[in-house]
Amino acid sequence: MVVTQAIFGVNVAVFIAMLLAGVSMLDNPAGQDLVHWGANYGPLTVSGQWWRLLTCVFVHGGLLHIAFNMWCLWDLGRLAESVYGHWTFAVVYLISGLSASLASLIWNPNILSVGASGAIFGIAGALIASFYLGEFSMPRAALSGTLRSVVVFVGYNLFFGAVIARTDNAAHIGGLLMGLLLGALIAKVAPGHDDFLRRIGVLLVGALIVACVVMWLQHSRSYMLHGQNGVGLLGQGKTDEGIAELQKAVRLRPDFAPAHAALAHAYFEKHDFANAAAEMQRVVALNPRSEVAYYQLGLIYLEQKMPAKAQDIFAQLLTIDPKSADGHNGLGDALADQHRNQEALEEYKRVAALDSSYQGVNYNLGVMQARLKMYDDAIASLLKQRQIADDADNENLLAGVYEAKGMKSESDDARQQAKQLPASQ
């Protein structure tokens, strides 16, 4: 079964190439790695990278992912290739894979989609339609057993796809429906391997459906194009042009959270904190479980000198994840800005307990301890910060604490060291 073997080989070759390139494939690989290797991702695909509809079919998100898909491909692919012949099987597989990618893009354009399972579902759908509608020389008992196995495969995987959140069931359904359609048309219009022209006509119907959906997506998902253009312009330092593109995106699709988040960052860079807060508030409303959105909104409020509002936002973040080091650090900053020093100190202690290497946590501890005249504790914290990532602010504060303790020599040394270091960013 030469085509099945070739498709199997391409999938394995891509997987090995990703491993050799340093992509972590024993666990879930990073999103940016999957994008680099051709994952289907709405903002990029609709922005003109339509090739991702096909490349994503040969990319997998880990060892278990490819192992299960290749096992299914080997069994169903060999069966389908024997039923349809080499070239028909190959085209049905590819059109089903494209249909699966389009269904995923329509259902949830903001997720990364990879894997051969949508194309494999297409093969399963084609076999189901052909077994129901076609004529076969094999005994009815053998045919019924094969059909039952394929139907159980589809039902089992659709059920678990609905239960497991990370499974892209939209791709499965899209591939399955295209496979059912092509299988039914082949069984009724071109059942014989020698029905060359009729089979081409059937497969062209599938290709035409794919092309029409692509054109519809290009029109209906134009907000993604503006969003991607906006992000690209921001990356080039063209802030005003990027904001204009992102504003077009949210006018076309008010619930497009990535564009609101990008707008918030752009406004923040311009020190337009009021608009930055308004955009990030929309992100929080659209994604009320997003820890990142809460954290960034809290930071914006701190820049606006609204520590009470920031405190409330960081507290909401901590209801989502009580062990969020970012949440406790942000809450500590908000309390410190209100001069609630003892409470702030307790939050920074929680940060240190959760992540002892958290950026600046020892400096923050030193600041609070100095305010509370806990000079020995402050010196210990600031010396620990010196060992991790020292800067002029840390040394100047350490010098001030030494002075408060009457340790002039140590204070002078810290002042001298501060002159040789950059201030914290």
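What you are looking at is a predicted structure, and each value in this text was computed from that prediction instead of being measured.

(A) Spatial organisation of helix H15 (residues 291-303). Taking 1.5 Å as the rise per residue, H15 with 13 residues should run 18 Å; its terminal C-alpha atoms sit 19 Å apart, in good agreement. Every buried residue of H15 is listed here: Ala293, Tyr294, Tyr295, Leu297, Gly298, Ile300, Tyr301 and Leu302. Residues of H15 that are buried sit in contact with helix H13 (257-269), helix H14 (273-286), helix H16 (307-320) and helix H17 (325-337). Looking one or two residues beyond H15, the residue adopting positive phi is Lys305, at roughly 60°.

(B) Quick look at the nonpolar core. Ranked by size, the top nonpolar core spans 94 residues in total, and within it Tyr84, Tyr93, Ile123 and Leu127 carry the most contacts. Element by element, the count of residues in this core is highest for helix H5 (residues 63-84), at 8 residues. Look past the residues within four positions of Leu127 in its chain and what remains in contact with it is Leu76, Leu79, Ala80, Val83 and Tyr84. Core analysis: the next-biggest nonpolar cluster, separate from the first, contains 7 residues, Ala378, Leu382, Val401 and Tyr402 among them.

(C) Highlighting the side chain of Asn341. With respect to the element layout, Asn341 can be found in helix H18 (residues 341-354). Non-local contacts of Asn341, meaning those with residues more than four positions away in its chain, are made with Ala336, Met368, Arg371 and Leu372.

(D) Fine view of the packing of helix H11 (residues 222-235) against helix H12 (residues 239-252). Where H11 meets H12, the axes come as close as 7 Å, and the angle between the chain directions of the two elements is 160°. Accordingly, the angle class assigned to the pair H11 and H12 is roughly antiparallel. Once H11 is placed against H12, the crossing between them reads as left-handed. Taken together, the residues of H12 that come into contact with H11 (itself represented by Ser222, Tyr223, His226, Gly227, Asn229, Gly230, Val231, Leu233 and Leu234) are Thr239, Glu241, Gly242, Ile243, Glu245, Leu246, Lys248, Ala249 and Leu252. Considered class by class, the residues forming the contact of H11 with H12 number 8 nonpolar, 7 polar and 3 charged.

(E) How the structure looks around H18. Along its 14 residues, H18 runs 20 Å from first to last C-alpha, staying within 8% of the 20 Å computed at 1.5 Å per residue. Burial in H18 covers these residues: Asn341, Ala344, Leu345, Glu347, Tyr348 and Val351. The buried residues of H18 all sit within an arc of 165° when viewed along its axis, so they share a single face. Those residues of H18 hidden inside the fold are in contact with H17 and helix H19 (361-371).

Scoring rules and cut-offs
- Residues numbered from 1 in each chain as written.
- Predicted model: local features only at pLDDT ≥ 70, side-chain atom pairs only at ≥ 80, totals over all residues.
- Heavy atoms only, no water.
- Helix = DSSP H or I, 4+ residues; strand = E, 2+ residues; numbered from the N terminus.
- Expected span 1.5 Å × (residues − 1).
- Buried < 20%, exposed > 50% of the residue type's maximum accessible area, 1.4 Å probe, protein only.
- Contact = heavy atoms within 4.5 Å.
- Core = buried A, V, L, I, M, F, W, Y, C linked by side-chain atoms within 4.5 Å.
- Axes fitted to C-alpha atoms, helices over the stretch in contact; angles between N-to-C directions.
- Parallel < 35°, antiparallel > 145°, perpendicular 65-115°, else oblique.
- Left-handed = near helix turned anticlockwise from the far one by under 90°.
- Nonpolar A, V, L, I, M, F, W, Y, C, P; charged D, E, K, R; others polar.
- Arc of directions from axis to C-beta.

Read these as geometric descriptors, not functional statements.
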